[in-house]
Amino acid sequence: MSEGKGAAPVKELLAFLAKAYPDARVLLDHRNPFELLVATVLAAQCTDERVNRVTPALFRAYPGADAFAKAPQEEVEEAVRPTGFFRNKAKAVRELSAAILSRHEGKVPGTMEELTALPGVGRKTASILLGACFGVPALPVDTHVGRVSYRLGLTVSKDPAKIEEDLAKAVPRGKWWEFASRLGWHGRQVCIARRPRCGVCGVAPLCPRRGVR
């Protein structure tokens, strides 16, 4: 189903999000698609703030896929150590870089099919790249988007793939990226996981689960 029973009306929701979060963006600092891809890998089980503290020096030392692919594993491990799970992340970034070099001449591809064919890249990461860097309609479902979509009745699922499918039916395609970006910000700032701030939520009049804990 595209919307749960009593779901918040999408037109009004889009209008609120546009007014409340006009500058919503990806919180991982980057200058190009490759940097965002690497930063997204490093952000797994790590805060965006910590990743942003690591990546300036990291990208000075390794300015592209070629540099990462040629760097010794131990060297990259040390560079990404503050982000946690540094051995796995260093390996993932090096393998990803090698694949981009061998398959795409060192450039990050711009389609869902090509991105998800890269090692370790799932639909959420691919969607972030497509929306933020390539201007392609995309619906990345992170924990915030999933949680708020469920509370608003836009989905009855907790599975990211099914949530993406439900949102794609409920939200006009041309609005996918701005919707996901702004809903994610709302989830971080207001509709937080443990104690949602329903008393100050501008979506509360539209929400079928107002007051949920």
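Residues numbered from 1 in each chain as written. Predicted model: local features only at pLDDT ≥ 70, side-chain atom pairs only at ≥ 80, totals over all residues. Heavy atoms only, no water.

K.L.:
Just checking my understanding: could you explain the overall build of the protein chain for this structure?
P.N.:
The number of helices and strands found in the protein chain is 11 helices and 0 strands. Mapped from its N terminus to its C terminus, the protein chain presents α and β elements in the order α-α-α-α-α-α-α-α-α-α-α. For a compact globule of 213 residues, the expected C-alpha radius of gyration is about 17 Å, and the protein chain comes in at 18 Å, within 12% of that figure. Once the C-alpha set of the protein chain is aligned to its principal axes, its extents read approximately 55 × 30 × 25 Å. (Helix = DSSP H or I, 4+ residues; strand = E, 2+ residues; numbered from the N terminus. Rg over C-alpha atoms; globule rule 2.2 N^0.38 Å.)

K.L.:
What exactly am I supposed to notice about the nonpolar core here?
P.N.:
The nonpolar side chains of soluble globular proteins are, as a tendency, buried together. Counting 36 residues, the largest nonpolar core has V38, L58, F68, I100 and L115 as the members making the most contacts within it. Those elements that place two or more of their residues in this core are helix 2 (33-42), helix 3 (48-61), helix 4 (65-70), helix 5 (73-80), helix 6 (86-104), helix 7 (112-116) and helix 8 (123-133). For I100, the residues in contact, after removing those within four places along its chain, are F34, L37, A65, E105, G106, K107, V108 and L118. In terms of nonpolar packing, the next biggest core, distinct from the first, is built from 29 residues, A8, L13, V148 and L183 among them. (Core = buried A, V, L, I, M, F, W, Y, C linked by side-chain atoms within 4.5 Å. Buried < 20%, exposed > 50% of the residue type's maximum accessible area, 1.4 Å probe, protein only. Contact = heavy atoms within 4.5 Å.)

K.L.:
Help me out: how do you make sense of the state of the cysteines in this one?
P.N.:
What makes a disulfide is a covalent bond joining the sulfur atoms belonging to two cysteines. Evaluated as defined, the whole model comprises 0 disulfides. Cysteine C133 is unpaired, with the sulfur of C46 as its nearest cysteine sulfur at 19 Å. Residue class for C133 comes out partly exposed when judged on its relative accessible area of 26%. Among the cysteines around C191, which has no disulfide bond, C201 carries the closest sulfur, lying 6.2 Å off. (Disulfide = S-S within 2.5 Å.)

K.L.:
Even after reading the chapter, I still don't get the packing of helix 2 against helix 3, so can you show me in this structure?
P.N.:
Geometrically, a packed helix pair is captured by the angle between its two axes and the distance between the axes. Interhelical geometry of helix 2 versus helix 3 gives an angle of 135° and a closest axis separation of 11 Å. In this view, helix 2 runs oblique relative to helix 3, as classed from their interaxial angle. For the element pair helix 2 and helix 3, the recorded crossing hand is right-handed. Taking contact as the criterion, the partners of E35, V38, A39 and L42 in helix 2 are, on helix 3, V51, T55, L58 and F59. Counted by class, the contact of helix 2 with helix 3 contains 6 nonpolar, 1 polar and 1 charged residues. (Axes fitted to C-alpha atoms, helices over the stretch in contact; angles between N-to-C directions. Parallel < 35°, antiparallel > 145°, perpendicular 65-115°, else oblique. Left-handed = near helix turned anticlockwise from the far one by under 90°. Nonpolar A, V, L, I, M, F, W, Y, C, P; charged D, E, K, R; others polar.)

K.L.:
Please clarify how the pattern of salt bridges should be interpreted in this entry.
P.N.:
Opposite charge on two side chains makes pairing possible when the charged atoms of those side chains draw close. For the structure shown, the criterion picks out 9 salt bridges. With its nearest N and O atoms 2.6 Å apart, the salt bridge here joins E164 to R123. Of this pair, E164 sits in helix 10 (residues 160-170) while R123 sits in helix 8; the two residues are 41 residues apart in sequence, bridging distant segments of the chain. The exposure class of E164 is buried, given its relative accessible area of 13%. For R123, a relative accessible area of 42% gives the class partly exposed. Salt-bridge contacts for K162 lead to D166; the nearest nitrogen and oxygen are separated by 2.7 Å. Linking K162 with D166, this pair stays in helix 10, spanning 4 residues, or about one helical turn. Look at K162 and you get partly exposed, because its relative accessible area is 27%. Because the salt bridges share partners, they merge into one network encompassing K175, E178 and R182. (Salt bridge = Lys/Arg side-chain N within 4 Å of Asp/Glu carboxyl O.)

K.L.:
What is the right way to look at the confidence of the model for the protein chain in this model?
P.N.:
When pLDDT drops low, the exact placement of atoms in the prediction is not to be read closely. Summing up the model confidence of the protein chain, the mean pLDDT is 94 and the portion of residues at 70 or higher is 97%. Note that pLDDT drops below 50 for residues 1-5; the model gives that stretch 16 contacts with residues more than four away or on any other chain. (pLDDT = per-residue confidence, 0-100.)

K.L.:
Before we go on, may I ask you to explain the packing of aromatic side chains in this structure?
P.N.:
For any pair of aromatic rings, geometry is given as the distance between the ring centres together with the angle between the planes. On inspection of all chains with the given rule, the structure shows 3 aromatic pairs. Their ring planes at 90° and their centres at 6.4 Å tell us that F16 and Y21 sit as a pair that is edge-to-face. For the ring pair F34 and F68, a centre distance of 5.9 Å and an interplane angle of 55° mean the geometry is tilted. Placement of F34 in helix 2 and of F68 in helix 4 is noted, with a sequence separation of 34 residues between them. (Phe/Tyr/Trp six-rings, centres within 6.5 Å; stacked < 30°, edge-to-face > 60°.)

K.L.:
Whenever I open this one, the environment of P119 confuses me. Can you help?
P.N.:
By the secondary structure assignment, P119 is in the loop between helix 7 and helix 8. Each C-alpha atom, one on P119 and one on V38, is 12 Å from the other, the two residues being 81 residues apart in sequence. When residues no more than four places from it in sequence are discounted, the contact partners of P119 are E95, L96, A99 and R103.

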